[in-house]
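Each chain, letter by letter, is given below.
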Amino acid sequence: MVAPPVLYNGHVDFRMRLVLATLSGRAIKIDRIRSDDMEPGLKDYEVSFLRLLEAITNGSVIEISYTGTTVIYKPGLIVNGTVTHNCPLSRAVGYFLEPVLLLAPFGKSALSLTLQGVTSNGVDLGVDTIRTALFPIYNKFGIMRQELRVIKRGAPPLGGGEVNVFLPHVVLQPTTLHAAVKTPSVSKIRGVAYSTRVSPASVNRIIEGARGVLSMTGCETFIYSDVARGEESGKSPGFGVSLVAEARSGWCYTAESVGGPGETPEDVGERAARALLEEVAQGGMVCRSQVKTLIVLMVVGKEDIGRVLIGKGVIDEGFVRLLRDIKTMWGAEVRIKEQETLDEEDEQAEGLEEYVVSIKGVGFINSSKKIA
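Heads up: these notes are all about the structure in this document. This is a predicted model, so every value here is computed, not measured.

### Describing the packing of aromatic side chains
(1) Moving on: Scanning the entire structure with this criterion turns up five aromatic pairs.
(2) Moving on: For the pair Y45 and Y95, a centre-to-centre distance of 5.3 Å together with 80° between the ring planes defines the contact as edge-to-face. Of the two residues, Y45 sits in helix α2 (residues 44-56) while Y95 sits in helix α3 (residues 93-103), which places them 50 residues apart along the sequence.
(3) Moving on: For Y95, a relative accessible area of 4% translates into the label buried.
(4) Moving on: A network of ring pairs unites the aromatic residues Y45, F49, Y95 and F96 as a single cluster.
(5) Moving on: Above the plane of the ring of Y45 lies R91, whose end atom (NZ or CZ) is 4.8 Å from the centre.

### A word on the packing of helix α1 (residues 14-24) against helix α8 (residues 317-330)
A pair of packed helices can be characterised by two numbers: the angle between their axes and the separation between those axes.
(1) Moving on: Taken N-terminus to C-terminus, the directions of α1 and α8 make an angle of 25°; their axes are 10 Å apart at the nearest point. Taken together, the axes of α1 and α8 are roughly parallel relative to one another. Like other packed secondary-structure pairs, α1 and α8 cross with a definite hand, here right-handed. Residues M16, R17, L20, A21, L23 and S24 of α1 form the contact with α8, whose participating residues are L322, D325, I326, M329 and W330.
(2) Moving on: Classifying every residue of the contact of α1 with α8 gives eight nonpolar, one polar and two charged.

### Structural notes on the pattern of salt bridges
(1) Moving on: Applying the stated rule across the entire model yields 19 salt bridges.
(2) Moving on: For the salt bridge of R131 with D128, the shortest nitrogen-to-oxygen distance reads 2.9 Å. Here the residue R131 and the residue D128 both occupy positions in helix α4 (residues 127-140), the gap between them amounting to three residues, near one helical turn.
(3) Moving on: With relative accessibility at 29%, the residue R131 sits in the partly exposed group.
(4) Moving on: Overall, the relative accessible area of 2% leaves D128 in the buried class.
(5) Moving on: Among the ionic pairs, D226 bridges to R153, the shortest N-O distance being 2.9 Å. Of this pair, D226 sits in strand β12 (residues 220-228) while R153 sits in the loop between β9 (147-152) and β10 (161-167), and the two are 73 residues apart along the sequence.
(6) Moving on: Using a relative accessible area of 28% as the deciding quantity, one classes D226 as partly exposed.

Analysis parameters
- Residue numbers here run from 1 along each chain, matching the order of that chain's written sequence.
- Residue-level local features of this predicted model are given only where pLDDT is at least 70; pairs of side-chain atoms are given and counted only at 80 or more, and the full residue set underlies all totals for whole chains, interfaces and linings.
- No hydrogens and no water enter the side-chain calculation; it runs on all heavy atoms of the structure.
- Here is the rule: rings of Phe, Tyr and Trp (six-membered ring for Trp) pair when centre to centre is within 6.5 Å. Planes less than 30 degrees apart are stacked, more than 60 are edge-to-face, and the remainder are tilted.
- Here a helix means four or more residues in a row that DSSP labels H or I, a strand means two or more in a row labelled E, and each is numbered from the N terminus.
- Using a 1.4 Å probe on the protein chains alone, a residue whose accessible area is under 20% of its type maximum counts as buried, one over 50% counts as exposed, and one in between counts as partly exposed.
- Criterion for a charge above a ring: Arg CZ or Lys NZ at most 6 Å from the ring centre, at most 35 degrees from the ring normal.
- Geometry is summarised by axes, namely lines fitted to C-alpha atoms with helices restricted to the contacting stretch, and by angles between N-to-C directions that run from 0 to 180 degrees.
- Each angle is binned into one of four classes, with values under 35 degrees roughly parallel, values over 145 roughly antiparallel, values of 65 to 115 roughly perpendicular, and all other values oblique.
- Crossing chirality is assigned from the near helix's rotation relative to the far helix, an anticlockwise turn below a right angle marking it left-handed and a clockwise turn marking it right-handed.
- Throughout, a contact is declared for two residues whenever any of their heavy atoms are within 4.5 Å.
- The nonpolar class holds Ala, Val, Leu, Ile, Met, Phe, Trp, Tyr, Cys and Pro. Asp, Glu, Lys and Arg form the charged class, and all remaining residues, Gly among them, are polar.
- What makes a salt bridge here is a side-chain nitrogen of Lys or Arg within 4 Å of a carboxyl oxygen of Asp or Glu, nothing more.

Here's what the structure looks like:
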């Protein structure tokens, strides 16, 4: 007997619920999508993501109601392959790439994905942040060799950017994360400041603004400059910066900022630097842009208990909804316990409000690879 689809209401966590459905193999039904709005139903970027999901899977069935307020999704097998996808300008390519990264390691073959559109918009994760902050999280779970190449940068509103992502490492299941319960000490700060169709001096001004804030940390700081020219500069002027604070243990914190109307490059650099310091001050092993990826990879791991330390700042409504969705899909529960006081020599954790998250993996097996 075929199990009925899992029911959800509203558009919140649309991408993550589709990802969890694909990994678990369970059908879902999402209704009342913006049913009370002036423009009800799916947005263009949500429909676009469904098309991308259909392109990297085989046998998926997607049904959308006439009004667009209800979606039924029956997942197929993740096959990956070579895919080119034109993203709508309403969202950056990171909106599409972030969930695909969770699916690609469990496909039948490697994924070579080319995404076209806006590369950074200040709302979705920028391509530089994905490369420097999300890829290291996957490495912790034994998923390696990711490659991301920015062929063209594209600023809003007209975009014109192009990114190629090559994900060759296909695994049966991620490894279990053990003993990640000590606050990492930041040893260096790296970053990329970029510009498209504006004066190259803007990049130097961004770097100066960020350095002015980060100098107080005493950490070695190096921010690369990337001035896009000609065909590589997309269709709209823009600038921004992505920063990452790295620890020797391989963990990192990240923040980014994109220039808006009337903002100076110095404003953008300073805002990103302050946001980075705020993420570091939260404590834990990961920042807000990494925690959902981390939790999902822990859940689909081996039937072993994994532990990780997180700061209070990452526990928000979205985090709680994710835990509830995970319990709905797999029946897995997550234990959150306040971090005990460490020894007196550990000054890094002093004054931080941190929690140890313990998760027993569901023993997920990559069915696509198993069949192959």
